[in-house]
Amino acid sequence: MIETISKNIFLYASQSRALNTAAKKWGLRFGASQVVAGETIESAMKAAKSLNEKGLVCTVDHLGEFVSSREEASEATEYCIRTLDSIAESGAQCNLSLKLTQLGLDIDVDFCLHNMRRILDTAKKHQNFVRIDMEDYAHCQMTLDMLRELRKEYENVGTVIQAYLHRSLQDVKDLKGVPLRLVKGAYKESPEVAYQDKKQVDENYMRIIREHLLSGSYTAIATHDHNIIAKVKEFVEEHGISRDQFEFQMLYGIRKEMQVQLAEEGYTMRVYIPFGNDWFGYFMRRLAERPQNVAFAIKGLFSK
Ligand code: FAD
């Protein structure tokens, strides 16, 4: 009960434009630096290189929410391009994750498509890959439509499918051959479109993982759930699925020992590194997922 209330409070805070805007001026606070790798590209590259040294590969995400003007979307596009250039310069084993709403999806779809093409041209030049994160349900169909359009011209782009959505098994079937990151889902969605019960989400998660792996498609299994990870290990063993066909992914700062352990076992382990001054919404969603993390947020209140 208390867990549900706190989860809803954090999800509500994550969606508050006023709090997100205010937090940009505060600098990383409340312990956010445990899950956000600083505010600059340099700090993200430093984190990536240090994880690479431990045998982990990375993806970086320049945090940004509530983009409502063309100027902001163009700025975010330039930032993505600069980030891809920095990854190439630094030699880090790292790709890019981004959100289409940052690039103007809510402003003008064609403008967003144009921005994505510029980013993907840069990624192609550097032989790198770009992952389109999946946002809330209201943006799901638009994201998949844009991915389909981009896949006609680019192979170095993929997206994310969320197991909590009823539609996901069909989406995974339709996206055979496309590199997908499969996740449980991080937003608050209605029972009309999403499973609310953890058991049902977990069952659907395994269903879509099995579907994508068996179709021979490259699959990123992004979870901190050791039960799911154990089941995936068993499944790939049973079906003789090569380790080149899948990777595990986890978020920066979460289950760090397990990240290293999976890499030591010979699995590809990719760490998702968020950075930037727009950290508040991301941090609130992590607290919503795991209220135990509130302890480090409270400690952070006093230490910055
Ligand atoms: P949960 O069901 O939250 O946790 C399962 C179990 O894992 C817990 O019971 C606990 O035993 C263990 N556990 C979880 N967290 C911890 C911890 N901090 N410490 C110790 N044990 C822990 N969501 C989207 O909607 N769109 C995206 O594009 C997206 N991209 C993502 C990218 C990556 C790399 C990752 C890892 C997640 C992403 N997510 C995304 C978030 C995802 O949807 C989930 O909200 C998030 O991963 C929490 O679910 P979980 O699978 O880790 O399992």
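These numbers were taken from a predicted model, which means no experiment stands behind them.

Caption draft 1: How the structure looks around the packing of helix 3 (residues 41–53) against helix 4 (residues 70–90). At a minimum axis separation of 11 Å, helix 3 and helix 4 run at an interaxial angle of 40 degrees. By the angle class used here, helix 3 and helix 4 are oblique. As helix 3 packs across helix 4, the resulting crossing turns out to be right-handed. Residues Ile 41, Met 45 and Lys 49 of helix 3 lie in contact with helix 4, whose contacting residues are Tyr 79, Arg 82, Thr 83, Ser 86, Ile 87 and Ser 90.

Caption draft 2: Fine view of the sheet that holds strand 5 (residues 180–183). The strand order 1-2-3-4-5-6-7-8 describes a closed barrel built from 8 strands, whose pairing is parallel. Averaged over neighbouring strand pairs, the angle between their axes works out to 30 degrees when direction is ignored. Direction of pairing for strand 3 (residues 130–132) relative to strand 4 (residues 157–162): parallel, over a ladder of 3 bridges. Of the residues in strand 4, the one forming a bridge with Arg 131 is Gly 158. Across the face of the sheet, helix 9 (residues 226–238) comes into contact with strand 6 (219–222) and strand 7 (246–251) while running at roughly 170 degrees to strand 7. Helix-sheet contacts for helix 10 (residues 256–264) involve strand 7 and strand 8 (269–275), and the interaxial angle to strand 7 is about 165 degrees.

Caption draft 3: Helix 6 (residues 140–151), seen in detail. The end-to-end C-alpha distance of helix 6, which contains 12 residues, comes to 16 Å, matching closely the 16 Å that a straight helix rising 1.5 Å per residue would cover. The set of residues buried in helix 6 consists of Cys 140, Thr 143, Leu 144, Met 146, Leu 147 and Leu 150. Taken around the axis of helix 6, the buried residues stretch over an arc of 160 degrees, which confines them to a single face. If you follow the buried residues of helix 6, they end up packed against helix 5 (109–125), strand 3, strand 4 and helix 7 (168–174).

Caption draft 4: Highlighting the pattern of salt bridges. Considering all chains together, one arrives at 15 salt bridges under this definition. The salt bridge involving Asp 133 is made with Lys 99; its shortest N-O contact spans 2.8 Å. Of this pair, Asp 133 sits in the loop between strand 3 and helix 6 while Lys 99 sits in the loop between strand 2 (94–98) and helix 5, and the two are 34 residues apart along the sequence. Summarising the burial analysis for this pair, Asp 133 and Lys 99 share the class buried. A salt bridge links Lys 198 to Asp 225, with the nearest nitrogen and oxygen atoms 3.8 Å apart. Pair noted here: Lys 198 is in helix 8 (residues 198–214) and Asp 225 is in the loop between strand 6 and helix 9, with a separation of 27 residues, a long-range link. The class for Lys 198 is exposed, based on a relative accessible area of 52%. Here Asp 225 falls in the buried class, since its relative accessible area comes to 12%. Each of Asp 61, Lys 99, Asp 133 and Arg 181 takes part in one network of salt bridges that share partners.

Criteria and thresholds
- Residues numbered from 1 in each chain as written.
- Predicted model: local features only at pLDDT ≥ 70, side-chain atom pairs only at ≥ 80, totals over all residues.
- Heavy atoms only, no water.
- Axes fitted to C-alpha atoms, helices over the stretch in contact; angles between N-to-C directions.
- Helix = DSSP H or I, 4+ residues; strand = E, 2+ residues; numbered from the N terminus.
- Parallel < 35°, antiparallel > 145°, perpendicular 65-115°, else oblique.
- Left-handed = near helix turned anticlockwise from the far one by under 90°.
- Contact = heavy atoms within 4.5 Å.
- Pairing = 2+ DSSP bridges.
- Expected span 1.5 Å × (residues − 1).
- Buried < 20%, exposed > 50% of the residue type's maximum accessible area, 1.4 Å probe, protein only.
- Arc of directions from axis to C-beta.
- Salt bridge = Lys/Arg side-chain N within 4 Å of Asp/Glu carboxyl O.

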